[in-house]
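Fold and contact review
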Amino acid sequence: MTRIDADTDIVIVDPAGVRDSSTPSTQTPEAATSQEVQLQKQVETNSPSQGGVNQLADLVADTSISTSSQIKKQKNKDIFIAIMGMTGSGKTTFISKLTGRDLKIGHKLESCTQDIEVVNAKIGDYTVHMIDTPGFSDTHRSDTQILEAIADYLAVAYSQRIRLSGIIYLHPISDNRITNQSIKNLKMFQKLTGTDNAEGVVLVTSMWDKVSAKEGEAREEELQTKFWKILMACGAQVSRHDGSTESAKRVAFMLIHNKPFYTQLQEEIGKENKALKDTAAGMEMMAELSRIKEQHRTELEEVKELMLQAATQQNEVAVAALEEHYKNMLQDMEKIRADEKRMNNEKVQSLHARIEGLENRPCAVM
């Protein structure tokens, strides 16, 4: 049966059989228990036809705050769960296991939020929309571009009053140490989500098949006592994903009954109308760009000194190699400057500006 969430204005389906006060309940306790068991076990793939995908995109193309009754009806039983984590942590594989679908043939939202993919699965009476987000430290795109892609998606979702029921953050336990990239991803995740929403987060370790139990447990303890400590103290849950379909279902089910929420980034861009660079995630990005730029400057000076020494020694091979390295570093510096410029471009940072830039393109959030 259904009820209206007073805080979210979303119609919630109650799997335990709680009915609207205006309708007398006829469900027995045994039926309620049976329905709950069925909800936990039943995960069916929802594979819409191409026409269905296009129709759904049309439904959510209107990005005005006053959503139509048709869109509200579409969202009555919709659960949104975002999958986040660094590149290579197994996000896409996790969703494939849960939904039984090859994401290579899924509907990518390249025209709206590049490289963000939404795949749907049925869990009981719910349609669960698994949002596959790009990880930072990608080899093809800068972190600034990735942050903008995530911000674009969240801006569209906010304009449609779509809240997340939870976020699954994946970390590969196979990493033999916590790298700078891992720390950077975790920091950005915290800034995007906000510690106030930690109760809607499940921190999941993946790729257990690639380590021994002893190694995995030691790394897991380090994560929980050091890197994940704050999030866990704020209410985040932890879990392991062993790579199986059953494991993926279990993790997703941990978030099904969560109270939907807006991420911190959505609140900052949508409610407070902040520029992206002025959000917590944006400021973290700007600080990281500044750190990298300063590091590049120091390294450039060091390479200059080495070039002078090699030239003095008439070592032409060393000079040529250092010159090539110097040129590559200059190109990296230009990329950093370009990213800073992107972050400072006010025209694309506010919610209204983002929506205005997206509303005339085929953009789907479901």
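Only a predicted model underlies this, so the values are computations on that prediction, with no experimental measurement involved.

Considerations on the packing of helix α5 (residues 143–159) against helix α10 (residues 264–271)
- Contact geometry of α5 with α10 gives a least axis separation of 9 Å together with a crossing angle of 65°. By the angle between their axes, α5 is roughly perpendicular relative to α10. Considering the relative orientation of α5 and α10, their crossing is right-handed. Between α5 and α10, the residues in contact are Ala151, Leu154, Ala157 and Tyr158 and Leu265, Gln266, Ile269, Gly270 and Lys271, respectively.

Topic: the confidence of the model for the protein
- Counting all residues, the mean pLDDT for the protein is 76, and 70% of those residues have values of 70 or more.
- Of the regions scoring below 50 in pLDDT, residues 1–74 engages in 112 contacts with residues more than four places distant in sequence or in other chains.
- A low-confidence stretch, residues 105–114 (pLDDT under 50), is modelled with 26 contacts involving residues beyond four sequence positions or located in other chains.

Considering the packing of aromatic side chains
- Across all of its chains, the model carries 2 aromatic pairs by this definition.
- Consider the rings of Tyr158 and Tyr262, whose centres lie 4.6 Å apart with planes at 45°: the pair is tilted. In this pair, Tyr158 sits in helix α5 while Tyr262 sits in the loop between α9 (245–253) and α10, placing the two residues 104 residues apart along the sequence.
- When the centroid spacing of 4.5 Å and the interplanar angle of 40° are considered together, the rings of Tyr169 and Phe189 count as tilted.

Section: the pairing of strand β6 (residues 126–132)
- Among the 7 residues in β6, 7 count as buried, and that is most of the element.
- Residues of β6 alternate between two faces, with Tyr126, Val128, Met130 and Asp132 on one and Thr127, His129 and Ile131 on the opposite face, all of them buried.
- Across 6 bridges, strand β4 (residues 78–85) lies against β6 in parallel orientation. Residue Phe80 lies in a different strand from β6, and its bridge partner there is His129.
- Linkage of strand β5 (residues 117–123) to β6, two consecutive antiparallel strands, is achieved through a turn of 2 residues, within which Gly124 is found at a positive phi near 65°.

Points about the nonpolar core
- Membership of the largest hydrophobic core comes to 44 residues, with the highest contact counts inside it found for Leu147 and Phe189.
- The biggest single contributor to this core is α5, with 7 residues.
- Grouped together as the second largest cluster of nonpolar side chains are 21 residues, Leu98, Tyr126, Ala248 and Phe253 included.

What counts and how
- Residues numbered from 1 in each chain as written.
- Predicted model: local features only at pLDDT ≥ 70, side-chain atom pairs only at ≥ 80, totals over all residues.
- Heavy atoms only, no water.
- Axes fitted to C-alpha atoms, helices over the stretch in contact; angles between N-to-C directions.
- Helix = DSSP H or I, 4+ residues; strand = E, 2+ residues; numbered from the N terminus.
- Parallel < 35°, antiparallel > 145°, perpendicular 65-115°, else oblique.
- Left-handed = near helix turned anticlockwise from the far one by under 90°.
- Contact = heavy atoms within 4.5 Å.
- pLDDT = per-residue confidence, 0-100.
- Phe/Tyr/Trp six-rings, centres within 6.5 Å; stacked < 30°, edge-to-face > 60°.
- Buried < 20%, exposed > 50% of the residue type's maximum accessible area, 1.4 Å probe, protein only.
- Pairing = 2+ DSSP bridges.
- Core = buried A, V, L, I, M, F, W, Y, C linked by side-chain atoms within 4.5 Å.

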